[in-house]
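Chains, contacts and geometry: an overview
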Amino acid sequence: MPQEIKKSAEERMDKAISSLKREFATLRAGKASPALLDRIQVEYYGTMTALNQLANITTPDSRTLLIQPWDKSSVSDIERAIMKSDVGMTPSNDGGTIRLSVPMLTEERRMELVKTAKKIAEEAKVAIRNIRRDANDSIKKLEKSEISEDESKRYQDDVQKLTDKFIAESDKVLATKEKEILEV
């Protein structure tokens with residue numbers, strides 16, 4: 001039973017790291033990346049649809065995103081959705097495709113993005129610590145009925161080692177993103 005608790009905690013911590021990586025992918029770092037547009041929802045025939053399900057998004061160069069809708073009639077809807085979003089880029093429409101130029105980041109903007117990245121990473125660490133607390137609570141409940149106090153302590157130590165591993169992983173992901181943001 002404690003093994004299942006530990007395995008469940010590890011899976012949940014892994015999901016927290018995956019979520020952190022997805023969040024970082026949508027954080028603009030001065031380079032064009034199709035992931036920047038992952039959160040954009042387009043109203044398409046009355047239904048909110050993810051942009052990447054309506055169009056092919058490519059990066060012809062490091063500063064440009066090219067959006068090629070599969071349905072040419074949706075170009076204006078896509079353009080409107082990009083204007084409403086928080087990506088901070090103005091689309092240019094040439095009839096069948098939309099181009100987005102990723103502007104160079106100022107030093108001040110880079111520092112803001114680093115702060116945002118640190119905040120996102122801290123939220124992931126809090127989630128990991130909450131998972132640790134839940135796992136330890138479950139182990140303590142088992143201590144009263146199924147396992148000894150020594151076993152309980154050993155399993156809690158295992159959960160702590162797991163927590164340390166995933167906290168270190170989140171720090172590593174943050175350091176990589178920070179380096180990417182600060183790179184000129």
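Refer to the structure above for everything that follows.
So, here is what we can say about the structure in this document. (Residues numbered from 1 in each chain as written. Predicted model: local features only at pLDDT ≥ 70, side-chain atom pairs only at ≥ 80, totals over all residues. Heavy atoms only, no water.)

1. Looking at the sheet that holds strand S3 (residues 55–61)
Pairing in this open sheet of four strands is antiparallel, and the strands run S3-S4-S6-S5 from one edge to the other. Edge positions in the open sheet fall to S3 and strand S5 (91–93), since each of these has one partner strand only. Sheet twist, expressed as the average angle between the axes of neighbouring strands with direction ignored, equals 25 degrees. Sheet topology places strand S4 (residues 64–69) next to strand S6 (residues 98–101); four bridges connect them, and they run antiparallel. Each bridged residue has a counterpart across the sheet, and for Ile67 the counterpart in S6 is Ile98. (Pairing = 2+ DSSP bridges. Helix = DSSP H or I, 4+ residues; strand = E, 2+ residues; numbered from the N terminus. Axes fitted to C-alpha atoms, helices over the stretch in contact; angles between N-to-C directions.)

2. Examining helix H1 (residues 2–25)
Given a rise of 1.5 Å per residue, 24 residues ought to cover 34 Å, and the 35 Å separating the end C-alpha atoms of H1 matches this to within 8%. Of all the positions in H1, only Pro2, Ile5, Ala9, Met13, Ala16, Ile17, Leu20 and Phe24 are classed as buried. Contacts made by the buried residues of H1 are with helix H3 (107–143) and helix H4 (149–182). (Expected span 1.5 Å × (residues − 1). Buried < 20%, exposed > 50% of the residue type's maximum accessible area, 1.4 Å probe, protein only. Contact = heavy atoms within 4.5 Å.)

3. As for the layout of surface pockets
Quantified by volume, the largest pocket comes out at close to 360 Å³. Lining the largest pocket are 17 residues, with Thr26, Leu27, Arg39, Asp86 and Val87 positioned closest to its centre. Looking at the lining of the largest pocket residue by residue, the classes come out as seven nonpolar, five polar and five charged. (1 Å grid on protein atoms, 1.4 Å probe; cavity = no way out; pocket = protein on both sides within 12 Å on 5 of 7 lines; lining within 4 Å. Points joined across faces, edges and corners; volume = space filled by probe spheres on them. Nonpolar A, V, L, I, M, F, W, Y, C, P; charged D, E, K, R; others polar.)

4. Describing the environment of Arg80
Within the fold, Arg80 resides in helix H2 (residues 75–84). A relative accessible area of 44% places Arg80 in the partly exposed class. Spatially, the C-alpha atoms of Arg80 and Ala117 are 27 Å apart, while their sequence positions differ by 37 residues.

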